[in-house]
Amino acid sequence: MIKRAMTVLLLALFSAPAAFAAGDAKNGKAVYTKHCATCHAADGNGKAAVAKMMKATIPPLCAKEVQTLTDAEIAKQIKGGKGKMQPVKGLSEKEIADVIAYVRTFAKK
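Residues numbered from 1 in each chain as written. Predicted model: local features only at pLDDT ≥ 70, side-chain atom pairs only at ≥ 80, totals over all residues. Heavy atoms only, no water.

Here we look at the nonpolar core
Counting 17 residues, the largest nonpolar core has Tyr-32, Leu-61, Ile-78, Leu-91, Ile-96, Val-99 and Ile-100 as the members making the most contacts within it. Those elements that provide at least two residues to this core are α2 (25-35), α6 (71-80) and α7 (93-105). Broken down by element, this core gets its largest block of residues, five residues, from α7. Here Ile-78 is in contact with Met-85, Pro-87, Val-88, Leu-91, Ile-96, Val-99 and Ile-100, once residues within four sequence places are set aside. (Core = buried A, V, L, I, M, F, W, Y, C linked by side-chain atoms within 4.5 Å. Buried < 20%, exposed > 50% of the residue type's maximum accessible area, 1.4 Å probe, protein only. Helix = DSSP H or I, 4+ residues; strand = E, 2+ residues; numbered from the N terminus. Contact = heavy atoms within 4.5 Å.)

Section: the pattern of salt bridges
In a structure, side chains of opposite charge can pair up when their charged atoms sit close to one another. Across all of its chains, the model carries three salt bridges by this definition. Of the charged contacts, one joins Asp-98 and Lys-94 as a salt bridge, the two residues approaching to 3.0 Å between their closest N and O atoms. On the criterion of helical spacing, the pair formed by Asp-98 and Lys-94 is a turn pair, its members being four residues apart in helix α7. Given the relative accessible area of 45%, Lys-94 is considered partly exposed. (Salt bridge = Lys/Arg side-chain N within 4 Å of Asp/Glu carboxyl O.)

Describing the state of the cysteines
The full count for this structure, using the stated rule, is zero disulfides. Between Cys-39, a cysteine without a disulfide, and Cys-36, which holds the nearest cysteine sulfur, the sulfur-to-sulfur distance is 9.0 Å. Its relative accessible area of 28% is what places Cys-39 among the partly exposed residues. (Disulfide = S-S within 2.5 Å.)

Focus: the layout of surface pockets
The rolling of a water-molecule-sized probe over the atoms marks out the regions of remaining empty space. Estimates place the volume of the largest pocket at around 710 Å³. Forming the walls of the largest pocket are 26 residues, and the residues nearest its centre are His-40, Ile-58, Gln-77, Lys-82 and Met-85. Put simply, the parts of the chain that give the lining of the largest pocket at least two residues each are α2, α3 (37-40), α5 (64-67), α6 and α7. Top element by residues in the lining of the largest pocket is α6. It accounts for three residues. Class assignment of the residues belonging to the lining of the largest pocket gives a composition of 17 nonpolar, six polar and three charged. (1 Å grid on protein atoms, 1.4 Å probe; cavity = no way out; pocket = protein on both sides within 12 Å on 5 of 7 lines; lining within 4 Å. Points joined across faces, edges and corners; volume = space filled by probe spheres on them. Nonpolar A, V, L, I, M, F, W, Y, C, P; charged D, E, K, R; others polar.)

Here's the deal with α2
For an α-helix, 3.6 residues make a turn, and residues three or four places apart therefore share a direction. Residues Gly-28, Val-31 and Tyr-32 constitute the buried set of α2. Down the axis, α2 shows its buried residues gathered within 105° of arc, on one side only. Set apart from the buried face of α2 by more than 90 degrees, the exposed residues are Lys-26 and Lys-34. Structurally, α2 contributes buried residues whose contacts are with α3 and α7. N-cap assignment for α2: the residue whose side-chain oxygen lies 2.8 Å from the backbone N of Lys-26 is Asp-24. (Arc of directions from axis to C-beta. Polar contact = N/O pair within 3.5 Å; in protein donor to acceptor, adjacent residues only side chain to side chain.)

So, in structure tokens, the structure goes:
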């Protein structure tokens, strides 16, 4: 019985839509450049002038506080905003997954 349940669960996971698939960092870079770099900068360190103007802190995307967030937490911030960060409108689930994959590359730099 347990073996059968595990088989069904594994089949469900492997046949599920892209929500379970990792994003594509290469595609994510293009989306990031268009929708995120205005405030977060091309290098992910945040633009000091934008932060000052908004009287906000923009944490570097390589920071532990960002990189330890789950993909779901980052997606929630993209969709709903956080603090003074406005929600990013018009992105598909795939584009969000791609941006998250790209954001993960900042940890390696």
